[in-house]
Structure formats: C-alpha cells, structure tokens
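# Structural characterization, general
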Amino acid sequence: MLEAVDVTKRMALHGRRRGQWFTAVDSASLKLESGKVLALVGESGSGKSTLARILTLGDEPSSGTIRLAGKEVSLRRRADRQAHFGQVQLIMQDPFASLNQLHRVRYILSRPLRNFGASGDLTDRIIELLERVNLTPGEQYIDKYPHELSGGQRQRVAIARALAADPVVLIGDEPVSMLDVSIRLDVLRLFADLCAQDGLAMLYITHDIASARYFADEINVIYAARMVEGGPAEEVTQRPRHPYTQLLLESSPDPDRIGERSTLPIVDTSNEPVDREQELAGCPFAARCPHAMPICSEQPPPTTTFAEGHWSRCWLHTES
Amino acid sequence: MTLLEVRDLVVEYGTVRAVDKVSFDVGRGEIFGVLGESGSGKTTLMTAITRLQRPPARIAGGTVAYRPADGTPVELVGCTPKQLRELRWERVAVVFQSAMSSLNPVMRVGTQFADAIRAHRSVKRAEAWDRAAELLELVGIPRDRVGSYPHELSGGMRQRAAIALSLACRPDLVVMDEPTTAVDVVMQRQILDNLKELQATFGFSVLFVTHDLSLLVELADRIMVMYAGRAVEIASAEDIYRDPQHPYTQGLRDSFPSLHGPRRELRGIGGAPPDLRHLPTGCAFEPRCPQRVDDCRETLPLLIERDRTQAACLLLDDRLEVRHAGSR
C-alpha cells in the first residue's frame, strides 16, 4: 500500500555546528501491505519518528521516494498531498497532547469528516466512528471533553479521528506507550481488528520489541538512522541475526527468564546511539558491537537474506 | 530483619484517599518492588514514606517505622523537619524518575555531590570532590566527568549519576521512583545490573516503584501490587509471576507479552481503572474482575496471609470458598 524507497533525511545543524548535517534517517526502505502490521523497533533517537513524519508528508525527505498504491507521491503537488493526508493517518503517542482540550469529542471528530468531504448533520457518522473504536454507546461520549475521558478512551478518540478520514494506512507512533499496561492490550487488539477486518495497513512504531512480537506480522529494527534487520516477527525475535537486535532482545526485561539470564557482556559504558553528524563509512553499530571486525567501520555491510524473508545488514553473515 | 515497617498508612488529597491503609515491611538488604498503574497510589505512597508529600496531600493515619541496625527506631510520620534533615540522605535517599529534573542544570555534577556530602560529613571541599569522583566510578562514569554539567552527560549517564548521588552517604534505604522509564532498554538493563551489583556490595535496601511488572519480577525480591490505593497482593517476585493469587495480578501477568519461550495467549483486563472519588464499597477491582462473586460488591476484602503470600480477595478467604465453591 505505502512504500518508502531509500528515504534519507538530513537536518542542518545550527550554532557552533553550523554547516554540519545530522542524518536522522539513512536510506531506509519499508513496505506496508493491506491487512498487515509492520512494526518498526528502535531506541529513542534512532529515527523512527522522523520516518513516520516523512511517510505522512509532515516532512520532506532529502532523497528517496514515497509511493502510495504504487504511485509516487509528489510533495510539491497540492492534489497529491491532500489525497495522501486522507489516506495515510498518524496516531501520536500522547493522547493528552494530541486532542484539543477546548473542544468536545463531537467537534474533534467532525473536523476530519468535513475536511474529507462530508457535510450536513454528522452525528450518526460520529457515533458510528466512536463505536468502531469500542466507545459504546457512542451517545455517551460524543459530548464529552477530552479531560473527562481516561487515557485509554482518549487514545480511542484519537484513533477514531484518524479513521474519520477513511484512510488505507494507519501509522501509530508509539500509540500505547503512554497507556497503562492493562489498557494497552485492548488498544493493540483494536488496531489488529481494524487491520484484519477493514484491510488497513499499519505501521506500528515502538521501542517495545515484546509487544511487536505479539502484535505485528513483520518487524523492522532501526538503529542510528539505518535499518539493520527485518523479517517475520517470530523469526526476528526468536532467531535474531544482527548483534544489535540480539542486544536489544537480551536487554528487554522478560520474567520468563528468572534465574536463567546470562550476564550481558558489558558493552562500553557510554553507549548512547553513535554521533551521526559525520558521514558514517561503516556499520553504525560497529563501535558497540561485541563482534566488530576491522571491515565493520570501513564499509557499510551488505544485506544478507535468510529463509522466509528474514534479512540483516551485518558483515558477520556475508559469505566471504 | 525489618528495616522499614509501614502500618495502615493513609494518604489523602482532600477527600480522596490515594493510599488506603497500606501495610508492608521492607527487610534489610531487600529489593522491595511496588507495582501499580497510574492512579494506583504508588508514587503517593513513595512520597509519604520519604515525607516528601506536598499539600494537598496529607498523611491521615498510620505509621512508618524506620529501624536502623544501630540505634533506636524512628517514627517517620511524626518526625520534625530537623530530624528529617538529619535522616534524609544519611539514612534514606531518593532517586526520581527524571534525572534531568533532579540534578541542578546550572551546577557542576561534582558541586552537587559535594553539597550533599558536606551537609552530612564535615570534610573539606576537595575531599568531597574526590568522594564524588569515586561515586561516579561506582556507576561506570569516568572520574573526569565530575566537573561536567548535567547537560553534558547522556540521559543514561545522568540517571546513573543520580543513583550514585543517592549512595553518597551510604544510606540504608534507597527509594526509587521509576528510575528507568526515561532511558532505553539497553541502558535500562545496564542500570539495573549495576544497581544489583551495588546493592550486593553495600547491602542497602531498595524500595523500587514502577508500573513495569516484567522488570520488577527480574529485579525485586518481593513485590507489592497496588490497585486504587490499596495493596492487593504482597508476595515474592517468583510467586507473583508464577502463581499470582489476586485476579488483578493474574490479569496483569497475562497482559505482558513475553519475548522468549512459546507465545501464550494474552488476555488483558477489560474496563478502566476506577475513579478514586467514587470508589465502590466493596472490592475496587470488582467491576473488572472476571471471577467476581456477589459478595465482592459489598464486602471489602482484607489482606489474607497464606503460605507467605498475602492477597486481598474474597475468593481466597477459606470461609467463603466453601460457600462459593459451587458457583465458581
């Protein structure tokens, strides 16, 4: 449905670092398909939100293209942009900040409806939308203000607002990380239902690889602006190939491992994501990688493909 | 050996009870986890124990007894500001959620450490800075960063610096309020590994407050689960995960996706957390509970101890079990 091909985003730095560039996303490609959920997993600062903004045309890529239903989207053509906004909708992390507190749910949901063609009395449409996100009965919620709703209910209103535009692609930028654990699962299930029943394509952006395992069909792992591994969710989480994915999985808390956890090899104590202001010749993970070889910091690793569409970019897996 | 003994602690915001008759013990050298979702009262409980609560929060009842190994027990709820000043950092230290807001952005890290050290020990400034550098080394930050400002440290380093600062006077108890929510998983793992190491070396107790069950199960010795201001279950980490007694704990356990091992069905908990202003007379979890019986709406369950596990649920009351054996 929605495709990003070799998308790169560079941002100019200011002040003392004027003239230098920061690479937020480096030749990233991904493909969303109808009825499927793709998870994009990465740490903060890895470029996952920038990619979401580019996919929703909130930002212009420095190079690379976005394709919607096979057709290249041009940011410069107004008609293209408008069609894109209707078909690709973004759900943000914080439902406390993303809903205007001064308006009732009725108004919040009527805006996208009117923007994308509806007119007249919208009450029935709005109630239908609310019930689609399991806020039933819709009459009970339509005249509330956001502050009268709980976090989970608010996020559902945000989802209803995204659905109001009748999109084909949903992009969730950490859509459940602000919610309580007992509520998260319900919201994720709602997304899964929307994808399965209404054939929506979804990009689920998260830092929680465990939830991606359960909820997504495929997982892409992004590290320091570059995609390092991707494939079916179960493959990536159970047989990770890239050392970064392995470190991520090993670090994630998992109660099933009580007592059996091996101690982590201590990887450099100051391990923030690497500085990306300079062009990086080799693999972005080379400085932290326990298996680093000389070649890792000299040349970018090629993509190696394994069974079932599982791929990884690491010198460890190349033939020669 | 008990270090901290909390009995029937009640904290109110006006007429709303945020913490309702919570009792528990923290042992010497124990990592005690407090688990709860937003609004469960876990942070209010933490601020009440450290006496950091601000109006309108008010301790309306109960006791918090601190029992040092050497000396007489101190009743924290009745402490005067002067007594508290002596106790804080010397005996009880705190690590907050966001290190950026607990460190002063316009002071060098070393100055802040020296401040805390010199408030409790009569040492020269240079000596205090030396001590600060040592503390930073404990958490894996190079000595020479002692002269840095907080913004010059990465997010993970700042949080580790905050932990190092809490250990400045070798306290018996370190209270931590979600210290790793603002950092990435890889950093979180390193901070927790480091914390466990330090804890084993110095033998302080930790009161660890978080909403993340999977993290707590790996870290804590015992866990208290809170719901709507009450403790619903207190048990060892192992039991909380393998054999939870309270339906809420069971629901939480089944909402966490696991990473390793076979995929299991996630059930989650339906409904929404209750409004603390209009709590039901019976069990606060009753409207969401899949195992509720008629009595749950009327009778407030109390913590019942059985096999070293405490849980507040009518289903676990022996007398009731007989009565409802048929209906369950």
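Residues numbered from 1 in each chain as written. Chains lettered and ligands numbered in written order. Predicted model: local features only at pLDDT ≥ 70, side-chain atom pairs only at ≥ 80, totals over all residues.

In the annotation of an unreviewed UniProt entry, the entry for chain B reads Peptide/nickel transport system ATP-binding protein, and the organism field reads Kribbella rubisoli. Looking at the Subcellular location (unreviewed entry) heading of the UniProt record, one finds this comment for chain B: "Cell membrane". Quoted straight from UniProt, the Sequence similarities (unreviewed entry) entry for chain B says "Belongs to the ABC transporter superfamily." (UniProt positions renumbered as here; feature names shortened; annotations may be inferred.)

The name given to chain A in an unreviewed UniProt entry is Peptide/nickel transport system ATP-binding protein, with the source organism recorded as Kribbella rubisoli.

## Overview of the sheet that holds strand β10 (residues 230-236) of chain B
Backbone hydrogen bonds hold the strands of a sheet together, and the pairing may be parallel or antiparallel. All names here are of chain B. With mixed pairing, the eight strands of this open sheet are ordered in space as β6-β7-β8-β3-β9-β10-β12-β11. For this open sheet the edge positions go to β6 (92-95) and β11 (304-306), each flanked by a neighbour on one side alone. The mean angle between the axes of side-by-side strands here comes to 20 degrees, regardless of whether they run parallel or antiparallel. Each of β3 (31-35), β7 (173-177), β8 (205-210) and β9 (222-227) touches helix α1 (residues 42-49); the most contacted strand, β7, lies at about 150 degrees to it. In the packing of helix α6 (residues 155-166) onto the sheet, the strands contacted are β6 and β7, and the crossing angle to β6 comes to about 175 degrees. (Pairing = 2+ DSSP bridges. Helix = DSSP H or I, 4+ residues; strand = E, 2+ residues; numbered from the N terminus. Axes fitted to C-alpha atoms, helices over the stretch in contact; angles between N-to-C directions. Contact = placed C-beta atoms within 7 Å.)

## Some thoughts on the UniProt feature "domain: ABC transporter" (unreviewed entry) in chain B
As recorded in UniProt, the sites labelled "domain: ABC transporter" (unreviewed entry) are residues 4-253 of chain B. Taken end to end, residues 4-253 of chain B has its terminal C-alpha atoms 27 Å apart, with 38% of it in helix and 27% in strand.

## So, the domain arrangement of chain B
Size of an interface, as often reported, equals the accessible area lost when the parts are brought together. When the domains of chain B are assigned, the result is domain 1 (105-169) and domain 2 (238-324). Summarising the inter-unit geometry, the C-alpha centres of domain 1 of chain B and domain 2 of chain B are found 43 Å apart. (Domains from an automatic or database assignment.)

## A look at unusual backbone geometry
The step from Thr136 of chain A to Pro137 of chain A runs through a cis peptide bond, and the omega angle for that step is -10 degrees. You can see Pro137 of chain A is positioned in the loop between α5 (123-132) and α6 (139-142). The omega torsion across Pro55 of chain B and Pro56 of chain B is 5 degrees, close enough to zero to call that bond cis. Relative to the assigned elements, Pro56 of chain B resides in the loop between α1 and β4 (57-66). We note that Leu57 of chain A has phi near 65 degrees; this positive angle belongs to a residue other than glycine. Structurally, Leu57 of chain A is set in the loop between α1 (48-55) and β4 (63-68). Despite not being glycine, Arg170 of chain B shows a phi value in the positive range, around 50 degrees. Examined against the element boundaries, Arg170 of chain B turns out to sit in the loop between α6 and β7.

## Some words on the sheet that holds strand β8 (residues 201-206) of chain A
Residue and element names in this part refer to chain A. The eight strands lie next to each other as β6-β7-β8-β3-β9-β10-β12-β11, forming an open sheet whose pairing is mixed. The open sheet terminates on both sides in strands that have one partner only, identified here as β6 (88-91) and β11 (303-305). Strand-to-strand, the axes of this sheet are offset by a mean angle of 20 degrees, without reference to chain direction. Here strand β3 (residues 37-41) pairs with strand β9 (residues 218-223) via four bridges, running parallel. Bridging from a neighbouring strand, Val41 pairs with Val221 of β9.

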